[in-house]
Amino acid sequence: MPSWNTLFIFALYLYIFVMIIYLLLDNRETATTLSWLLIFFFLPFVGLVLYFLLGRGMRPRVKKKLLPQDLENRLHYCNEKLIARQEQEIENLHAEYDSPENRKLIRLLTHNSDSVLTRHNHVQVFFNGEDKFGTLIQDLTAAENYIHMEYFIWQDDSFTEKVVDILQQKVRQGVAVRVLYDVVGNYLSKRYLNRLRKSGIRIYPYYNFKSLFKIHTLNYRNHRKIIIIDGSTGYIGGMNMGEEYIDGGSRFSTWRDTHIRIQGESVAVLQGVFSVSWSNTTKEILDMKEMVPQTISASSVTRLQVTTSGPDSQWDSIRQLYFLLISSAEKFIFIHTPYFIPDASIVMALKTAALSGIDVRIMLTGVVDKRIPYWAAQTYLKDLLEAGVSFYYYTKGFMHAKTIVVDARICSVGSANLDIRSLELNYEINALIYDKDISHKLEHIFYRDMKSARPFTLADYNKIHRLKQLRNSLTRLFAPLL
């Protein structure tokens, strides 16, 4: 009769074999597969629990329960004129952005995320929370019909309480207020939520990931930051809701971020994004035709495409956007991202651009909030530095912006970091802006930020102690899971 030790070893090997087969049939990226295999070997039974909580993808049965983003068809229902002129809008933009790379970029978002190209927009860019939230307070106060808000983080602090006071006042005036927040990014007490709901604010955790039957989707976070007011004004970018995004809070001396305010046609697209999230969470279908004005005026012409991605998306649209943006550059690429854990395709695009003589500069936060992603990011720097990419660590405060500007002609502003979590796991949203004036502003702010940053060179990398390099390399093994 076999001993307990023999049975245990047999069970362990059987478990490892089954999990290897399971992982292989998932057909994931090699790095992700290897990361999970390491966890299975070193933390056998704990690894199994972690995998079922955090590692499984969105299965077809889950996707079938979710409304697809399908932005073009949603807008076709409520704004046929906008959809009808899409081909003409694309051709007009081709005439201005006539290089083959730009033509591919313009078509990409139409095909991979049903993104609608809009022209009649006025875009205001904010580089700090004080300016952004000051304007937002005015817009919320002026709301007449509805306010929709979708945030990764909704802090229960003194500033957010001011916002809540305004929302409660608007509810009393007959304005519908709907709020979504990410259940992982927040801890909001039942008492707090009940207080808001009793006042008429409809606030819910996105997709209710705490539900027992949805716990396996816990790793897929709603990282978006969206506001839509009356279908005419919208906000997207990097700032969540809280005092910290204005003054840095208790952890940081200052907070550097980028956010945009949109007035015009693209607000209808933002409303389409929110409507899908709201319906998937509450099962309430919002009437887009009632919420999107048929005639939207804007004080200027700014061409803009809003794109989204998430674990239930057919394509990795924001990853593809970043790849093609980098590949389309002819002069320079300036990137702000607090977290830098790129996949192989992004690394190759950056190397190729730099080796082709393109001025590639990437600014990371030099004031650390999360050590493991910071350590893992350093392992990517050496090869990129050798290829000619320039890196800077922003040291004035915490740098949280997520922007890319290419040749001062095209830029992207949104919620997605240049890391695997944003590119594969999170629900994200970005705006691709075809505008030279706005691109020049992002170029200018990059140069300004360089004055508050320290360059990180190949010589700096070589000064990192070997033990720290080993630590960094070990954390990189788990980069696909961070």
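All residue numbers refer to positions counted from 1 along the written sequence of the respective chain. Only residues with pLDDT of at least 70 get local features here, since the model is predicted, and only at 80 or more are side-chain atom pairs given and counted; chain-wide, interface and lining totals rely on the full set of residues. The basis for every side-chain value is the complete set of non-hydrogen atoms in the structure, without hydrogens or water.

Undergrad: Any details on the overall build of the chain? Residues and values, ideally.
TA: Summing up its helical and strand segments, the chain has 22 helices and 20 strands in all. In the chain, 81% of the contacts between residues at least 6 apart in sequence involve partners at least 24 apart. For helices the rule is a DSSP run of H or I covering at least 4 residues; for strands it is a run of E covering at least 2, with both sets numbered from the N terminus onward. Contacts were defined at the residue level, with two residues in contact if any of their heavy atoms lie within 4.5 Å.

Undergrad: Got a sec to walk through the packing of helix 7 (residues 86–96) against helix 8 (residues 100–112)? Specific residues and values, please.
TA: Helix axes are fitted only over the stretch in contact, all axes being lines through C-alpha atoms; the angle between N-to-C directions runs from 0 to 180 degrees. Helix 8 packs onto helix 7 with a crossing angle of 155° between their chain directions and a minimal axis gap of 10 Å. Taken as axis vectors, helix 7 and helix 8 run roughly antiparallel relative to one another. Like other packed secondary-structure pairs, helix 7 and helix 8 cross with a definite hand, here right-handed. Packed against helix 7, whose contacting residues are Glu87, Ile90, Glu91, Leu93 and His94, the element helix 8 presents Arg103, Ile106, Arg107 and Thr110 at the interface. Residue type decides the class: Asp, Glu, Lys and Arg count as charged, Ala, Val, Leu, Ile, Met, Phe, Trp, Tyr, Cys and Pro as nonpolar, and the leftover types, Gly among them, as polar. Its residues placed into classes, the contact of helix 7 with helix 8 shows three nonpolar, two polar and four charged. By definition in this entry, angles of less than 35 degrees are roughly parallel, angles greater than 145 are roughly antiparallel, angles of 65 to 115 are roughly perpendicular, and the rest are oblique. Helix crossings fall into two classes, left-handed where the near helix is turned counterclockwise from the far one by less than a right angle and right-handed where it is turned clockwise.

Undergrad: Can you explain the packing of aromatic side chains? Please cite residues and give values.
TA: Think of a pair of aromatic rings as described by two things: how far the centres are apart, and how the planes are tilted against each other in angle. Aromatic rings from Phe, Tyr and Trp, with only the six-membered ring used for Trp, were paired whenever their centres fell within 6.5 Å, and each pair was classed as stacked if the ring planes differed by under 30 degrees, edge-to-face if by over 60, and tilted otherwise. Throughout the structure, instances matching the rule amount to 18 aromatic pairs. Between tyrosine 204 and tryptophan 278, the aromatic rings sit 5.7 Å apart at their centres with planes inclined by 65°, giving edge-to-face as the arrangement. Placement of the pair is tyrosine 204 in strand 5 (residues 202–205) and tryptophan 278 in helix 13 (residues 266–282), with a sequence separation of 74 residues. Tyrosine 204 sits in the partly exposed class, given a relative accessible area of 28%. Classification of tryptophan 278 by relative accessible area gives buried; the value is 0%. Relative to phenylalanine 334, the ring of phenylalanine 332 lies with its centre 4.5 Å away and its plane at 35°, an arrangement referred to as tilted. An aromatic cluster is built from Phe332, Phe334, Tyr392, Phe446 and Tyr447, whose rings are joined through pairwise contacts. For a ring to carry a charge above it, either NZ of a lysine or CZ of an arginine must fall within 6 Å of the ring centroid while also lying within 35 degrees of the normal to the ring plane. In this arrangement the basic side chain of arginine 476 is found over the ring face of tyrosine 380, its NZ or CZ atom lying 3.9 Å from the centre. In this scheme, a residue with accessible area under 20% of its type's maximum is buried, one over 50% is exposed, and one in between is partly exposed, where area comes from a 1.4 Å probe on protein chains only.

Undergrad: If you had to explain the sheet that holds strand 19 (residues 428–434) to someone new, which residues and values would you point to?
TA: By definition, two strands form a pair when at least two bridges between them are found by DSSP. Spatial ordering of the open sheet is given by 1-10-19-17-16-11-13-14-20, a layout of nine strands whose pairing is mixed. Only two strands of the sheet have a single partner each, and these edge strands are strand 1 (117–118) and strand 20 (453–456). By the bridge criterion, four bridges tie strand 16 (residues 403–406) to strand 17 (residues 410–414) in an arrangement that is antiparallel. Within the sheet, the bridge partner assigned to isoleucine 404 lies in strand 17 and is serine 412.

Undergrad: Please set out the environment of valine 413 residue by residue, giving values where relevant.
TA: Secondary-structure assignment places valine 413 in strand 17. Distance from valine 413 to glycine 237, taken between C-alpha atoms, is 6.0 Å for residues 176 residues apart in sequence. When neighbours within four sequence positions are excluded, valine 413 is seen to be in contact with Ile236, Thr258, Ile260, Lys402, Thr403, Asn430, Ala431 and Leu442.

Undergrad: Tell me about the nonpolar core, residues and numbers included.
TA: Within the largest apolar cluster, 52 residues are counted, with the highest numbers of intra-cluster contacts made by Tyr322, Ile333, Phe340, Leu350 and Phe391. When sequence neighbours within four positions are dropped, the list of residues in contact with isoleucine 333 reads Ile326, Ala353, Ile358, Asp359, Val360, Arg361, Ile404 and Val405. Side-chain atoms within 4.5 Å are what join buried Ala, Val, Leu, Ile, Met, Phe, Trp, Tyr and Cys residues into a set we call a nonpolar core. Counting residues in each nonpolar core, the second largest holds 47 residues, with Leu270, Val306, Ile429 and Ile438 among its members.

Undergrad: For the side chain of aspartate 257, give the residues involved together with the corresponding values.
TA: Summarising the element assignment, aspartate 257 is placed in the loop between strand 8 (255–256) and strand 9 (259–264). This buried residue, aspartate 257, is left without a salt bridge; lysine 402 holds the nearest opposite charge, at 5.8 Å. Definition of a polar contact: a pair of N or O atoms within 3.5 Å, with one able to donate and the other able to accept a hydrogen when the atoms are protein atoms, and with sequence-neighbouring residues admitted only if both atoms are side-chain atoms. In this structure the side chain of aspartate 257 is engaged in a polar contact, spanning 2.9 Å, whose partner is the side chain of tryptophan 255. Within the local environment of aspartate 257, its side chain forms a polar contact with the side chain of histidine 400, the two groups lying 2.8 Å apart. The contacts of aspartate 257, once residues within four sequence positions are left out, are Phe126, Phe127, Asn128, Gly238, Met239, Tyr245, His400 and Ala401. His is not counted here, nor are the chain ends, while Lys and Arg score as positive and Asp and Glu score as negative. By convention in these notes, a salt bridge is any Lys or Arg side-chain nitrogen within 4 Å of a carboxyl oxygen on Asp or Glu.

Undergrad: Now, about the pairing of strand 3 (residues 146–151): what can you tell me, with residues and values included?
TA: When you tally the buried positions in strand 3, you get six out of six residues, the bulk of the element. Burial along strand 3 is two-sided: Tyr146, His148 and Glu150 and Ile147, Met149 and Tyr151, pointing in opposite directions, are all buried. Where strand 3 and strand 4 (residues 176–181) come together, six bridges link them in parallel fashion. Bridge pairing links methionine 149 to valine 179 in strand 4. Throughout, right-handed denotes a crossover for which the path from the first strand over the helix to the second runs clockwise when the strands point away from the viewer. Assessed by its sense of winding, the connection that carries the chain from strand 3 through helix 10 (residues 158–172) to strand 4 is right-handed. In the sheet, strand 3 pairs with strand 6 (residues 226–229) via four bridges, with the strands oriented antiparallel. Each bridged residue has a counterpart across the sheet, and for histidine 148 the counterpart in strand 6 is isoleucine 228.

Undergrad: So what about helix 13? Which residues, and what values?
TA: Note: α-helices contain 3.6 residues per turn, so residues at a spacing of three or four share the same orientation. One fewer than the residue count of a helix, multiplied by 1.5 Å, yields its expected span. Between its terminal C-alpha atoms helix 13 stretches 24 Å, which fits the 24 Å expected from 17 residues at 1.5 Å a residue. Here helix 13 lies mainly inside the structure; 16 of its 17 residues are buried. The positive-phi residue at the C-terminal boundary of helix 13 is lysine 283, with phi of around 70°.

Undergrad: I'd like to hear about unusual backbone geometry, residue by residue, with values.
TA: Phi is positive for lysine 283, which is not a glycine, with a value near 70°. Within the secondary structure, lysine 283 is located in the loop between helix 13 and helix 14 (288–291). Phi is positive for aspartate 407, close to 55°, though the residue is something other than glycine. Among the secondary structure elements, aspartate 407 is positioned in the loop between strand 16 and strand 17. Residue classification places aspartate 407 among the buried positions, given a relative accessible area of 14%.

Undergrad: I'd like a rundown of the sheet that holds strand 4, residues and numbers included.
TA: Strands sit in the order 2-9-7-6-3-4-5 across an open sheet of seven strands; the sheet is mixed. Looking at which strands have only one partner, the edges of the open sheet turn out to be strand 2 (121–126) and strand 5. Across the sheet, the mean angle from the axis of one strand to that of its neighbour is 10°, orientation sign disregarded. Where helix 10 meets the sheet, its contacts fall on strand 3 and strand 4, and the angle it forms with strand 3 comes to roughly 145°.

Fair warning: the whole summary comes from geometry, so function is off the table for now.
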